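# Understanding the architecture of this molecule
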Amino acid sequence: MDDITESAKRIAERESAALLDRTRASGRLFERAVASMPLGVASTFQSNDPYPIYLREGRGSHVWDVDGNEYVDFHGGFGTMAVGHAHPKVVEAIERAARTGTHFAVTTETTVALAEELCKRFELEQVRFVNSGTEATMEAIRLARAATGRDTILKIEGSYHGHHDAVMFSVVPNTDVMGGRDAPASTPLSRGIPADTARHTLVVPFNDAEALEKLLSDRGDEIACLIMEPVMMNIGIVLPQPGYLERARELCSRHGVVLIFDEVKSGATVAYGGATERFGVRPDLACFAKAVGGGAALGAFGGRADLMGEIARGVAAMGTFNGNPLSAAAGLAALTQVLTPDAYEGLGKMGTLLAEGCSRAIEENGIPAHVIDLGAKGCVSYRPQPLRNYRDFLECNVELFAASWPWMVNRGVFMTPGDEEQWTISVQHSEEDIARYTDAFAGFCSALAA
Ligand SMILES: Cc1ncc(COP(=O)(O)O)c(C=O)c1O
């Protein structure tokens, strides 16, 4: 083991003990919660060992846990809270909606206005609402299958598109089951998925147009869609290499494969018009959730009118809460009053300030890590060179991440406990908030190097 890894282990031990000491009320709430909820949480992604930190409140860029500890929030509800907490414009819209009826299961004018806003902003011809990213990718895939008459789908190794069976393959495959670099296996993330499902989900590496070209030449006429994040955001951040998205676009068109961009994380965070605007490649369908709802449960998918027209021709796309007026009001206020084009300039400046501060600390202390800066999103990954795909992610030094998390949390920086996540900055973050992060991180890097 090298010196830095040994130092990380010592830091992790000390900081984890200090964290447990500061979060005793979370420990007590966990004991209560675990009696009524598996793992003591509402979603498995919220769990942590030995218990998660339970939050009580969020305002602006800050959150407070049940022990009363205050943090600057860089977790952002897994990338949802680009508006920050309790933004007055979003609060006002939700209050108004709450006073005039929270649910009808009948489309309201607010929902129509939100559909128009999504279409304009993300260059979609039509859109259908759902309640989560999972539903968005599930419905988009069904549409692609219906439109092409093909059953098989293609996804990227190491990508997460929600928790429905078709996409629960090769999300974070272990090295012993992931197959060779040239032929990644379709490995289920969970038990309970019919074994047969694997036959219909094929996997290719990110940033490898040759592998995609080969697979589509061999089996293109079986494949309904390629679903991909245009920038991977569930293994830190992996940027598309120049020309890769253009090649993917061209290959899908050539083989009649529907190109679906999963913009659940990138939409409304990496640019006003999401990754489609930032990287300049347009998919056939795109999926949204998280930040587009301004903190309410909202998802959507949309794109080419001829494909969306399949819904009118009988392809199932429904849901009691689709277009719910409370969520629609929050989303409309978030997109039209808060996450305006100007807001992205501010988010970009804050993101760069944060990324530059982290890069400086990494360089000064010789830490084997790199930083990605992408508007409201960014991350430190503990590998010297940027990642190109999932297999590069497996080379990250997990001990360094394991030490960084409690170190940062103990210094008032709230982050997700998994190294697959990244930071999210909101429009309510200040330079002072950014300095809290960069100061804590600089301290971590010098402790590692000491
Ligand atoms: C890229 C991507 N797609 C889809 C999803 C699923 O979204 P949800 O958790 O809203 O179902 C996620 C969730 O993290 C995601 O990161």
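Residues numbered from 1 in each chain as written. Predicted model: local features only at pLDDT ≥ 70, side-chain atom pairs only at ≥ 80, totals over all residues. Heavy atoms only, no water.

With that settled, the discussion passes to the site of the ligand. Around the ligand, the neighbouring residues are Ser132, Gly133, Thr134, Tyr160, His161, Gly162, Glu229, Asn234, Asp262, Val264, Lys265 and Lys290. The side chain of Thr134 places a nitrogen or oxygen atom 2.5 Å from an oxygen atom of the ligand. In the environment of the ligand, an oxygen atom lies 3.0 Å from a nitrogen or oxygen atom belonging to the side chain of Asn234. For the ligand, the protein covers 85% of the area, taking 390 Å² as the surface of the free molecule. Split by residue class, the shell around the ligand holds two nonpolar, six polar and four charged. (Near = heavy atom within 4 Å. Polar contact = N/O pair within 3.5 Å; in protein donor to acceptor, adjacent residues only side chain to side chain. Areas by Shrake-Rupley, 256 points an atom, 1.4 Å probe, with all protein chains shown as cover. Nonpolar A, V, L, I, M, F, W, Y, C, P; charged D, E, K, R; others polar.)

Our next topic: the packing of helix H1 (residues 3–22) against helix H15 (residues 431–449). Between H1 and H15, the shortest axis-to-axis distance is 8 Å and the interhelical angle comes to 120 degrees. Taken together, the axes of H1 and H15 are oblique relative to one another. Touching Ile4, Ser7, Ala8 and Ile11 of H1 are Phe444, Ala447 and Leu448, all from H15. For the contact of H1 with H15, the per-class residue count stands at six nonpolar, one polar and no charged. (Axes fitted to C-alpha atoms, helices over the stretch in contact; angles between N-to-C directions. Helix = DSSP H or I, 4+ residues; strand = E, 2+ residues; numbered from the N terminus. Parallel < 35°, antiparallel > 145°, perpendicular 65-115°, else oblique. Contact = heavy atoms within 4.5 Å.)

Looking now at the confidence of the model for the chain. Chain-level pLDDT for the chain is 97 on average; 100% of the residues reach the 70-or-more range. Mean pLDDT values for the elements of the chain range from 86 in strand S7 (residues 183–184) up to 99 in strand S10 (residues 258–262). (pLDDT = per-residue confidence, 0-100.)

Attention now moves to the pattern of salt bridges. The tally for this structure, following the rule as stated, stands at 26 salt bridges. With its nearest N and O atoms 3.0 Å apart, the salt bridge here joins Glu250 to Arg254. Of this pair, Glu250 and Arg254 are both found in helix H8 (residues 244–254), four residues apart, which corresponds to roughly one turn of the helix. Residue classification places Glu250 among the partly exposed positions, given a relative accessible area of 36%. (Salt bridge = Lys/Arg side-chain N within 4 Å of Asp/Glu carboxyl O. Buried < 20%, exposed > 50% of the residue type's maximum accessible area, 1.4 Å probe, protein only.)

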